[in-house]
Amino acid sequence: GTLRECFVDLTSGLFNNCSIIVTGLANPIAVYVYNSNAYVVSHDSSSSLKCPIDNLSGVASNCINAITDSSSNLVGAHGIIPYGNYFYIANLDGSTLSRCSINSLTGDLTGCVNPITDGSGTAILSPVYVNVVNNNLFISNEGDNKIIKCSLNSSSGNVTNCTNAVTDASLFVGPRGL
């Protein structure tokens, strides 16, 4: 797989001048740019890549494994989102949600906790994608036909008070995105 960079025409909203900036990725499925790094998760891989972005050219290159903690286990990673000093990663095939600390100097992800729980000790299962709005983590849960909303603690990274954000489950059958 590849990672492409495209410019957005501000008038039409269309992509143009697209170019491949990273090659050799194993089925990349989600990218998040954070502090001059592109973080790429691949469904077919048990890793997350960190690709430094050149400040002048905007090109990402020299991708390396972002997770330096060898005990971390990502299985079928699909979604990735930063919040505070942490990255949250949805592992669809592993049916878990992971939380990794962000090293502020290197951008490496360390001390990954997998699975993280909802505050009551229950693992969050079947996550596909994650997003953060204000102090809330939203998780599309394909297996349970839910969009889950959890409170986030920016200091500890803990997830608490998880509830179904949608009262009518028939509205979201197998949600795969947010």
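Model, not experiment: these values are computed from the prediction.

With that settled, consider the nonpolar core. Tyr 88, Leu 97, Leu 137, Ile 139 and Val 159 are the most contacted members of the largest nonpolar core, which has 16 residues in total. Residue assignment for this core shows that the elements contributing at least two residues are strand 7 (77-83), strand 8 (86-91), strand 11 (127-133), strand 12 (136-141) and strand 13 (146-152). Among the nonpolar cores identified, the runner-up in size contains 13 residues, and Val 41, Ala 66, Ile 67 and Cys 112 belong to it.

As a further point, take the packing of aromatic side chains. What the rule picks out here adds up to 2 aromatic pairs. Between Tyr 34 and Phe 87, the aromatic rings sit 5.6 Å apart at their centres with planes inclined by 75 degrees, giving edge-to-face as the arrangement. One end of the pair, Tyr 34, is in strand 3 (residues 28-34); the other, Phe 87, is in strand 8, with 53 residues separating them in the sequence. What links up through ring pairs into an aromatic cluster is the set Tyr 34, Tyr 39 and Phe 87. We note Arg 99 situated over the ring of Tyr 86; from NZ or CZ to the ring centre the distance is 5.6 Å.

Next up on the list: the pattern of salt bridges. For the coordinates displayed, the defined rule picks out 1 salt bridge. The partner of Asp 108 in a salt bridge is Lys 50, and the shortest N-O contact between them spans 2.7 Å. Taken together, the residues Asp 108 in the loop between strand 9 (96-102) and strand 10 (109-113) and Lys 50 in strand 5 (residues 48-52) connect sequence positions 58 residues apart.

Another point: the environment of Ser 101. Mapped onto the elements of the fold, Ser 101 is located in strand 9. Since its relative accessible area comes to 26%, Ser 101 is described here as partly exposed. Spatially, the C-alpha atoms of Ser 101 and Cys 112 are 6.6 Å apart, while their sequence positions differ by 11 residues.

Let us look at the confidence of the model for the protein. Residues with a pLDDT of 70 or more make up 85% of the protein, whose mean pLDDT is 79. Mean pLDDT values over the elements of the protein span from 75, in strand 6 (residues 64-65), up to 86, in strand 13.

The next point concerns the sheet that holds strand 4 (residues 37-42). The strand order across the open sheet built from 4 strands is 3-4-5-6, with neighbouring strands paired in antiparallel fashion. The sheet terminates laterally at strand 3 and strand 6, the two strands that pair on one side only. Note that strand 3 and strand 4 share 6 bridges and pair antiparallel. By the bridge assignment for strand 4, Val 31 is matched with Val 40.

This paragraph deals with the sheet that holds strand 12. Reading across the sheet, the 4 strands line up as 11-12-13-14 and stay open at both edges, with antiparallel pairing between neighbours. A strand with exactly one partner marks an edge of an open sheet, and here the two such strands are strand 11 and strand 14 (159-164). The sheet shows a mean angle of 25 degrees between the axes of neighbouring strands, taken without regard to direction. Relative to strand 12, strand 11 is paired through 6 bridges, and the arrangement is antiparallel. Bridge pairing links Tyr 129 to Ser 140 in strand 12.

Scanning the model with the defined rule gives 4 disulfides in all. The partner cysteine of Cys 6 in its disulfide is Cys 18, sulfur to sulfur 2.0 Å. Judged by the torsion about the S-S bond (120 degrees), the Cys 6/Cys 18 disulfide is right-handed. Pair noted here: Cys 6 is in strand 1 (residues 3-8) and Cys 18 is in strand 2 (residues 15-22), with a separation of 12 residues, a long-range link. Through a disulfide, Cys 150 is tied to Cys 162; the S-S separation comes to 2.1 Å. An S-S torsion of about 115 degrees defines the bridge between Cys 150 and Cys 162 as right-handed. Of this pair, Cys 150 sits in strand 13 while Cys 162 sits in strand 14, and the two are 12 residues apart along the sequence. Counting only the cysteines that form disulfides, in the order they appear in the protein, gives the pairing 1-2, 3-4, 5-6, 7-8.

Quick notes on the rules
Residues numbered from 1 in each chain as written. Predicted model: local features only at pLDDT ≥ 70, side-chain atom pairs only at ≥ 80, totals over all residues. Heavy atoms only, no water. Core = buried A, V, L, I, M, F, W, Y, C linked by side-chain atoms within 4.5 Å. Buried < 20%, exposed > 50% of the residue type's maximum accessible area, 1.4 Å probe, protein only. Helix = DSSP H or I, 4+ residues; strand = E, 2+ residues; numbered from the N terminus. Phe/Tyr/Trp six-rings, centres within 6.5 Å; stacked < 30°, edge-to-face > 60°. Lys NZ or Arg CZ within 6 Å of the ring centre and 35° of its normal. Salt bridge = Lys/Arg side-chain N within 4 Å of Asp/Glu carboxyl O. pLDDT = per-residue confidence, 0-100. Pairing = 2+ DSSP bridges. Axes fitted to C-alpha atoms, helices over the stretch in contact; angles between N-to-C directions. Disulfide = S-S within 2.5 Å.

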